[in-house]
Amino acid sequence: MTDTVALYCQDNGPEGTRPLVILHGLLGSADNWRSHAKQWQRSRRVIAVDLRNHGRSPHVAGMSYTAMAADVIALLDRLSIDDCDLLGHSMGGKVAISIAREAPRRVASLMVADIAPVAYGHGHDDIFAAMRRVEGETPTSRQAADALMAETIETQATRQFLATNLVRDDAGVMRWRVGLDEIEADYDAIIAEPAGQGAFEGATLVVRGAQSDYVPDSLLPKLREVLPRADIVTLEAGHWLHAEAPKAFRETIDAFLEHNG
């Protein structure tokens, strides 16, 4: 049996509604979903999760999808949630697919944002290098940390996203709150296929970005093997489509939930 960790989550909204559980992507956190959660929690219970080695959740060895799925299922048990609408972006989407395959009765509907159930190549070397650059210095401001990251990462939006993981320690130095050692050590597990076998036969939505290369048409046959009932919606956005096209993204999720509620 996989050892689980007690995940941190933001749990808000009216009781008595079927919960919407949100799983962030690699190097993200529940905080990244605050604006969407604020809208959704007006009418339903919303649980935004920090996955292991992210946000306020514990740092532990191992980033397999079996382990991360087990963490989330343990959280659902702790919150006495029998089933939920499950939304995951990128790495969180693979965790969501893993849960749907391994515990389908816990997933009333599945929403996957810009990821396919396949193994990907290495693509975060520059990001890890930038984070290590900050770790090796003692920046006392976000501006100083940004300047260090800029040596490796040109795109400001990417640096701003990473900076959401910075916290100030007791000495006033900006430090990463993610388990960077644990994430790097098991990065191959993160880019691997989701856990579980066979197909998830429940109601499914896949939202992809037109400017993203994570879910090209060439991967749709494999996607439909695993998610045969998937409705596929393409938004004019890149990989972080929930941040780049927030209104269109939320309207797409809302329409799916209304139809499958």
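Note that the coordinates shown come from a computational prediction; the quantities given were computed from them, not determined experimentally.

Participant: Which residues make up the pattern of salt bridges, and what are the values?
Facilitator: Counted under the stated rule, the structure contains 19 salt bridges. Salt-bridge contacts for R34 lead to D31; the nearest nitrogen and oxygen are separated by 2.8 Å. Among the charged side chains, a network of salt bridges with common partners joins D31, R34, R56 and R177.

Participant: So, the environment of A163: which residues are in play, and what are the values?
Facilitator: Inspection of the secondary structure assignment puts A163 in helix α6 (residues 156-163). Here A163 falls in the buried class, since its relative accessible area comes to 13%. Taking the C-alpha atoms as reference points, A163 and A195, separated by 32 residues in sequence, lie 30 Å from one another. Setting aside chain neighbours within four positions, we find A163 in contact with R142 and M149.

Participant: Let's hear about the packing of aromatic side chains: which residues, and what values?
Facilitator: Counted by the stated rule, this structure contains 4 aromatic pairs. Aromatic side chains F128 and Y187 sit 5.4 Å apart centroid to centroid with 90° between the ring planes, which places their arrangement in the edge-to-face category. Of the two residues, F128 is situated in helix α4 (residues 125-135) and Y187 in helix α8 (residues 187-190); the sequence distance between them amounts to 59 residues. For Y187, a relative accessible area of 4% puts it in the buried group. Aromatic pair F161 and W240: ring centres 5.4 Å apart, planes at 50°, arrangement tilted.

Participant: Could you give an account of the side chain of S98, with specific residues and numbers?
Facilitator: As for its position among the elements, S98 is in helix α3 (residues 91-102). Here S98 falls in the buried class, since its relative accessible area comes to 0%.

Participant: Just give me the short version of the packing of helix α5 (residues 142-150) against α6, but keep the residues and values in it.
Facilitator: Packing of α5 against α6 leaves a shortest axis separation of 10 Å and a crossing angle of 130°. One element, α5, and the other, α6, form an angle in the oblique class. With respect to the hand of their crossing, α5 and α6 are arranged in right-handed fashion. The segment α5 lies against α6, with R142, D146, M149 and A150 engaging R159, L162 and A163.

Participant: Kindly report on the sheet that holds strand β1 (residues 9-12), identifying the contributing residues and their values.
Facilitator: If you walk across this open sheet you meet the 7 strands as β1-β3-β2-β4-β5-β8-β9, and the pairing is mixed. Two strands lie at the open edges of the sheet, namely β1 and β9 (230-235), each paired on one side alone. Between one strand axis and the next, the sheet turns by 15° as a mean value, whatever way the strands run. Its contacts with the sheet place helix α11 (residues 246-260) against β2 (20-23), β4 (84-89), β5 (107-113), β8 (203-209) and β9, and it is angled at close to 170° to β8.

Reading the values: rules and limits
Residues numbered from 1 in each chain as written. Predicted model: local features only at pLDDT ≥ 70, side-chain atom pairs only at ≥ 80, totals over all residues. Heavy atoms only, no water. Salt bridge = Lys/Arg side-chain N within 4 Å of Asp/Glu carboxyl O. Helix = DSSP H or I, 4+ residues; strand = E, 2+ residues; numbered from the N terminus. Buried < 20%, exposed > 50% of the residue type's maximum accessible area, 1.4 Å probe, protein only. Contact = heavy atoms within 4.5 Å. Phe/Tyr/Trp six-rings, centres within 6.5 Å; stacked < 30°, edge-to-face > 60°. Axes fitted to C-alpha atoms, helices over the stretch in contact; angles between N-to-C directions. Parallel < 35°, antiparallel > 145°, perpendicular 65-115°, else oblique. Left-handed = near helix turned anticlockwise from the far one by under 90°. Pairing = 2+ DSSP bridges.

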